[in-house]
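# Structural description and commentary
Below are the chains, spelled out letter by letter.
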Amino acid sequence: MKYINRRTLLGTLFALPFICLTTPALAQSEVTISHYFTGELGLKAFGEQMEKFEAATSYKMKNSPVGHEDFKTDILVRASGSSLPDVFSYWAGARVQFIADSDSLRPIDQMWNEAGLDKIVAKTVADSATMYNGKRFLVPFNYHYSGMFYNTKVMADAGITKMPTDWNGFLALCKELQSKGITPIALGSKNRWPAQFWFDYLLLRSAGPDYRTQLMAGKASYDDPQVKLAMGMWKALVDAGYFVENANANTWTDASDQVARGDAAMTLMGTWITGYWNGLGLVPGADYDFFPFPSIMAGVPSASVGPVDGLVIGANTTNPRGAEEFLKFMVSDTGVQAAWSKAQGALSANVNVDASNYNSVMLKAFETVKNSDAFAFNYDLATPPPVAEVGLSMFARFMDDPSGVDEIMKQTAQDVAGAFKE
Amino acid sequence: MERDKRFWRIVLLTPPLLVFSVLIVWPLLSSFYYSFTNWNGFSSNYQFVGLGNFQKIWTDRLFFQATINTIIWMVSALLLPTLLGLVLALLLDSKVRGGKFFKTIFYLPICLSAIVVGQIWIWIYQPNWGLLNTFIEEITGDRFRYAWLAKPDSALFSVIIAWSWQQTGLSMVIYLAGLTAIPSEILESSVSEGATTWQRIWYIVIPLLVPSTVVVIALSVINSLKGFDILYIMTGGGPFNSSDTLAMHMYNESFKKYLIGYGSSISVVLFLIALIIIGIYFRQLRKFDQIYG
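All of the points below concern the structure found in this document. (Residues numbered from 1 in each chain as written. Chains lettered and ligands numbered in written order. Predicted model: local features only at pLDDT ≥ 70, side-chain atom pairs only at ≥ 80, totals over all residues. Heavy atoms only, no water.)

### Concerning the overall build of chain B
Just so we agree on the cut-off: The way it works is that DSSP assigns letters per residue, a run of H or I at least four long becomes a helix, a run of E at least two long becomes a strand, and they are numbered from the N terminus. Within these notes, the globule rule equals 2.2 Å times the number of residues to the 0.38 power, and the radius of gyration is based on C-alpha atoms. Only protein chains enter the accessibility calculation, which uses a 1.4 Å probe; a residue whose area is less than 20% of its type maximum is buried, one above 50% is exposed, and one in between is partly exposed. For this analysis, residues touch if any pair of their heavy atoms sits within 4.5 Å. In this description, accessible areas are obtained by the Shrake-Rupley approach with a 1.4 Å probe, and a residue is regarded as covered only by the protein chains that are shown.
Looking only at helices and strands, one finds 13 helices and zero strands in chain B. When the helices and strands of chain B are read in sequence order from the N terminus, they spell out α-α-α-α-α-α-α-α-α-α-α-α-α. Taken over C-alpha atoms, the radius of gyration comes to 24 Å for chain B, far larger than the 19 Å a tight globule of 293 residues would show. Burial status across chain B gives 41% buried among its 293 residues. Considering only contacts in chain B between residues 6 or more positions apart, those separated by 24 or more positions represent 65%. Counting only carbon and sulfur atoms, one obtains 71% of the accessible surface of chain B, whose full area is about 16,800 Å².

### Quick notes on the overall build of chain A
Threshold: Charge assignment in this entry is limited to Lys and Arg as positive and Asp and Glu as negative, and neither His nor the chain termini are counted. Charge placement uses NZ in Lys and CZ in Arg. For Asp and Glu, CG and CD serve respectively.
Broken down by element type, chain A carries 19 helices and 14 strands. Radius of gyration (C-alpha) of chain A: 24 Å, near the 22 Å computed for a compact globule of 422 residues. Seen through its C-alpha atoms, chain A measures out along the principal axes to roughly 85 × 50 × 50 Å. Burial statistics for chain A: of 422 residues in total, 54% are counted as buried. Put simply, chain A has 35 plus and 44 minus side-chain charges, and the middle of one group is 5 Å from the middle of the other.

### Description of helix α15 (residues 334-344) of chain A
Residues and elements named next belong to chain A. Inclusion rule: Here a polar contact means two N or O atoms within 3.5 Å. Within protein one must be a hydrogen donor candidate and the other an acceptor candidate, and residues neighboring in sequence count only if both atoms are side-chain atoms.
Among all positions of α15, only V336, Q337, A338, W340, S341 and Q344 are buried. Residues of α15 that are buried sit in contact with α2 (40-56), β6 (138-143), α13 (272-279), α14 (320-332) and β13 (347-348). The opening residue of α15, the one whose side-chain oxygen lies 2.8 Å from the backbone nitrogen of G335, is D333. Following α15 by one or two positions, G345 adopts a phi angle in the positive range, close to 70°.

### A few points about the interface of chain B and chain A
To be explicit about the condition: What counts as buried area is the accessible surface, traced by a 1.4 Å probe, that two parts surrender upon association, with contributions from both included. Take a side-chain nitrogen of Lys or Arg and a carboxyl oxygen of Asp or Glu: if they are within 4 Å of each other, that pair is a salt bridge.
Listed by partner, the interface residues are 32 residues for chain B and 35 residues for chain A. Here chain B meets chain A over a buried area of about 2,800 Å², counting both sides, of which 55% is carbon and sulfur. Ranking the residues of chain B by area buried against chain A places B:F42, B:F240 and B:Y258 at the top, with a combined share of 26%. A salt bridge links B:R61 to A:D415; the shortest N-O distance between them is 2.4 Å. Inspection of the chain B/chain A interface yields eight residue pairs in polar contact (both at pLDDT 80 or more).

### Brief notes about the pairing of strand β9 (residues 264-270) of chain A
Residues and elements named next belong to chain A. Selection criterion: In short, DSSP must find at least two bridges between two strands for them to pair.
When you tally the buried positions in β9, you get seven out of seven residues, the bulk of the element. Across five bridges, strand β7 (residues 146-151) lies against β9 in antiparallel orientation. Its bridge partner lying in β9, S146 is registered against G270. Two elements, strand β8 (residues 183-186) and β9, share three bridges in a ladder whose sense is parallel. Bridged to A186 within β9 is T267.

### Some remarks on the sheet that holds strand β2 (residues 60-63) of chain A
Residue and element names in this part refer to chain A. Cut-off, in case you're wondering: Between N-to-C directions, angles cover 0 to 180 degrees, with each direction set by a line fitted to C-alpha atoms, over the stretch in contact for helices.
Pairing in this open sheet of six strands is mixed, and the strands run β2-β1-β3-β12-β6-β13 from one edge to the other. Two strands in the sheet have a free side with no partner beyond their single neighbour: β2 and β13. Sheet strands in contact with α14 are β1 (30-34), β2, β3 (87-91), β6 and β12 (308-313), and its direction is about 155° off that of β12.

### Some thoughts on the layout of surface pockets
Selection rule: Only protein atoms enter the 1 Å grid used here. Points where a 1.4 Å probe fits but cannot escape make up a cavity, open sets with protein on both sides within 12 Å along at least five of seven lines make up a pocket, and a residue lines them when an atom lies within 4 Å of a point. Grid points are joined across faces, edges and corners, and a volume is the space filled by probe spheres set on the points.
A volume near 990 Å³ is recorded for the second largest pocket. Taken together, 43 residues make up the lining of the second largest pocket; nearest its centre are A:F98, A:T383, A:P384, A:P385 and A:F420. Of all the secondary structure elements, the ones that give two or more residues to the lining of the second largest pocket are α4 (94-101), α10 (209-216), β14 (374-376), α18 (385-400) and α19 (405-421) of chain A together with α2 (52-59) and α13 (260-292) of chain B. The element that contributes the greatest number of residues to the lining of the second largest pocket is α10(A), accounting for five residues.

### Overview of the environment of A:A255
Residues and elements named next belong to chain A. Counting through the fold element by element, A255 comes out in helix α12 (residues 252-261). Its relative accessible area of 1% is what places A255 among the buried residues. Between the alpha carbons of A255 and L187 there is a distance of 5.3 Å; along the sequence they are 68 residues apart.

### Concerning unusual backbone geometry
With an omega dihedral of -5°, the bond running from B:G238 to B:P239 counts as a cis peptide bond. Along the polypeptide, B:P239 turns up in the loop between α11 (228-234) and α12 (246-256). Although it is not a glycine, A:N133 sits at a positive phi angle of roughly 55°. Assignment of secondary structure puts A:N133 in the loop between β4 (131-132) and β5 (135-136). The phi angle at B:Y258 is positive, at roughly 65°, despite the residue not being glycine. As for its placement among the helices and strands, B:Y258 is situated in the loop between α12 and α13. On the accessibility criterion, B:Y258 (4% relative accessible area) is buried.

### Thoughts on a nonpolar patch on the surface
All names here are of chain B. As a reminder, the rule being used: To count toward a patch, a residue needs a relative accessible area over 30% and no salt bridge; like charges are then connected within 9 Å, while nonpolar side chains (Val, Leu, Ile, Met, Phe, Trp, Tyr) are connected within 5 Å.
Residues V19, F20, V22, L23, I24, V25 and L29 make up a contiguous nonpolar surface patch of about 640 Å² in total accessible area. Tracing the chain through its elements places L23 in helix α1 (residues 2-34). Here L23 falls in the exposed class, since its relative accessible area comes to 57%.

### Focus on the sheet that holds strand β10 (residues 288-291) of chain A
What links the strands of a sheet is backbone hydrogen bonding, and the strands pair in either a parallel or an antiparallel sense. Residue and element names in this part refer to chain A. On the basis of which strands lie adjacent, the open sheet formed by four strands has the order β8-β9-β7-β10 and mixed pairing. The strands lining the two open edges of the sheet, one partner per strand, are β8 and β10. Neighbour-to-neighbour, the strand axes of this sheet turn through a mean angle of 30°, independent of strand direction. Of the strands in this sheet, β7, β8 and β9 touch α12, which is tilted by about 140° from β9.

### Regarding a positive patch on the surface
On the surface, B:R3, B:K5, B:R6 and B:R9 cluster together into a positively charged patch. By the element assignment, B:R9 lies in helix α1.

### Focus on the environment of B:F255
Its location among the elements puts B:F255 in helix α12. Here the alpha-carbon distance between B:F255 and B:N40, two residues 215 residues apart in the chain, equals 9.1 Å.

### Section: the packing of α2(A) against α15(A)
Residues and elements named next belong to chain A. This is how the line gets drawn: Any angle that is under 35 degrees is reported as roughly parallel, and any over 145 degrees as roughly antiparallel; angles of 65 to 115 degrees are reported as roughly perpendicular and all others as oblique. Any residue outside Ala, Val, Leu, Ile, Met, Phe, Trp, Tyr, Cys, Pro, Asp, Glu, Lys and Arg is labelled polar, Gly included; the first ten of those are nonpolar and the last four are charged.
Interaxial distance between α2 and α15 falls to 9 Å at its minimum, and their mutual angle equals 170°. By the criterion of interaxial angle, the relationship of α2 to α15 is roughly antiparallel. Residues L41, G42, A45, F46, Q49 and K52 of α2 pack against G335, V336, A339, W340, A343 and Q344 of α15. Classifying every residue of the contact of α2 with α15 by side-chain character gives seven nonpolar, four polar and one charged.

### Focus: the packing of aromatic side chains
The description of an aromatic ring pair uses the distance of the two centres, along with the angle that the planes make with each other. As a reminder of what qualifies: The pairing test for Phe, Tyr and Trp rings, Trp by its six-membered ring, is centres within 6.5 Å, and the orientation test on the planes gives stacked under 30 degrees, edge-to-face over 60, and tilted for anything in between. Note on criteria: charge over ring means Lys NZ or Arg CZ within 6 Å of the ring centre, with the direction from the centre no more than 35 degrees off the ring normal.
A complete count under the given rule lists 68 aromatic pairs over all chains for this structure. Relative to A:W272, the ring of A:W252 has its centre 6.5 Å away and its plane inclined at 90°; by these criteria the two rings are edge-to-face. A residue pair is termed long-range when its members are at least 10 positions apart, and A:W252 in helix α12 and A:W272 in helix α13 qualify at 20 residues. Neither A:W252 nor A:W272 differs from the other in exposure class; each is buried. Taken together, a centroid distance of 6.2 Å and an interplanar angle of 70° make the contact between B:Y34 and B:Y46 edge-to-face. Placement of B:Y34 in helix α1 and of B:Y46 in the loop between α1 and α2 is noted, with a sequence separation of 12 residues between them. In this structure B:Y46 comes out as partly exposed when scored by relative accessible area, which is 25%. Feature note: the residues A:Y36, A:F37, A:F46, A:F71, A:F88, A:Y90, A:W91, A:F141 and A:W340 constitute an aromatic cluster, connected by ring pairs. Looking at A:R136, its charged tip hangs above the ring of A:W112, at a distance of 4.2 Å from the centre.

Next up, the structure:
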């Protein structure tokens, strides 16, 4: 039997650090990536786009996807340990701002200019999503639009042929549906964020985008009459019984299923619902459609709400060149962008993607965003994360018991003021 | 020879000591350090705030809610599985038909991970088609749509029931082992002396099960302190923080609000509480050793 002698053992121990130090050099052709596209369709489609990148270049992608909700925490834990991947997906807005402020991201201005991305990326998206602290950090991969998605058969059976464009029309629609025994609105606020779109639109349509920007930045208070008015309108809808029972017990897919089954008529959700419904075999335009959130106050600009999914590079990347190549490829290749937007139910960030790639519903969403006066990030991407936490809990609490709205708003105003001081 | 032995001891002990230092000691010391800062988790610019975070704890209403929830969680997570385990062990120790089958069935949940248990109970509690509401509807004949996990009054208790369902099997097995160690002569002589079943249980069996109870309590306390995962899966501390425990509150503050400094101060308080509980437990254990030798 052969024994390890001391000399061999010590030799191995001394050799280990050397091996570890030389490994990164060998891994220069590898780009590590983490993303939150883990739904059945998203995971497969994202993998396919990465394969296209690998085929077009000499780089290899090392993929570590993390579930959507867990990603929010996971990536920050990795940031705190300075172990971010070379590239990761992230939601443009306050979240990117938060980590850009902490010097955890690598600026991409040079790559952006060299690749001429100004001519490739949709201006609406580029203006709001890519610049932070005067530097460019994010390449938009796609964006979404939130609208009132409905079951066409349910609406037709209820005799509704024209979708509302103003608030009175919307209230009349809800009343009509309810009188026919149909719950008008599905909401799955178990994970809190789906409720935020109601707050976003009610505030944007009544107080306007400028006021909302002030509120999101802590320059206005949740005690203000503008917020009270928006919450009052929301309360009136809940009190009238227009929302499904137990919204806080359901996820957004549960709510989508309720609409797909015809248990509810519509749900206020992002365009990713089309990816989900298409995956269930529903036909866009025939089985489902959408209408923009109705106007409330005359003269208030028509803002569209939604998130922008982007790709960013970690500050400590060991492979900056590979990471930049990947970002550039994913946004500039029209084939990648078209395939991705189809699979994910998203709007392409690349202006050169032929609009004929969109189905009828997505095309309508595309036109709606294009004709909007402004594009606003949804609540949890528009305000700093500590504040978003307070607000998201407030929405869930409100949906549980809207009768306490005054007390809830008073407490929220206090908590938000505290969160802004952090 | 002695030199060789010493060499191998150092070589073999170094890796586990390194792992222990990196994974336990270093994070523990880091937490203490960061609890005096306003670090957000990744910024290199942060300040020392002295005892600021600890002062904030006193004005944090969510901290107090989490403390009350933690007490409810620990007491319930200790009492329910212990009592249910004891009752089941006493029932199954008598020669009932299908005893082995029931022992297996009752023990099975402990083999499942918290994620699986949480998911099973999420389905049971589902308001529209869940087993519990359907059962209540069948019994009462009325439509029943209570959202057990989405209501602040019931969320924590619903998770406690799921937790107890999983943990009872463990207490039951320990008590069954304890019951088999009780000499049959004692029980037989008590029968011949005319003791009733209840008297036998109360005056003979339960006192003789004290060593098993010590083990059950120790495991229950340790497991309840680890009970973060099932809460995370089933409620995530919600709805609106109503089922937040201190561990969950620390997690939310640290990783959802990115207040690592403040989260660290909560973890320090949690550490001190655990230290006190462990201290009390060891003191009682010493007393117990003196009595039972």
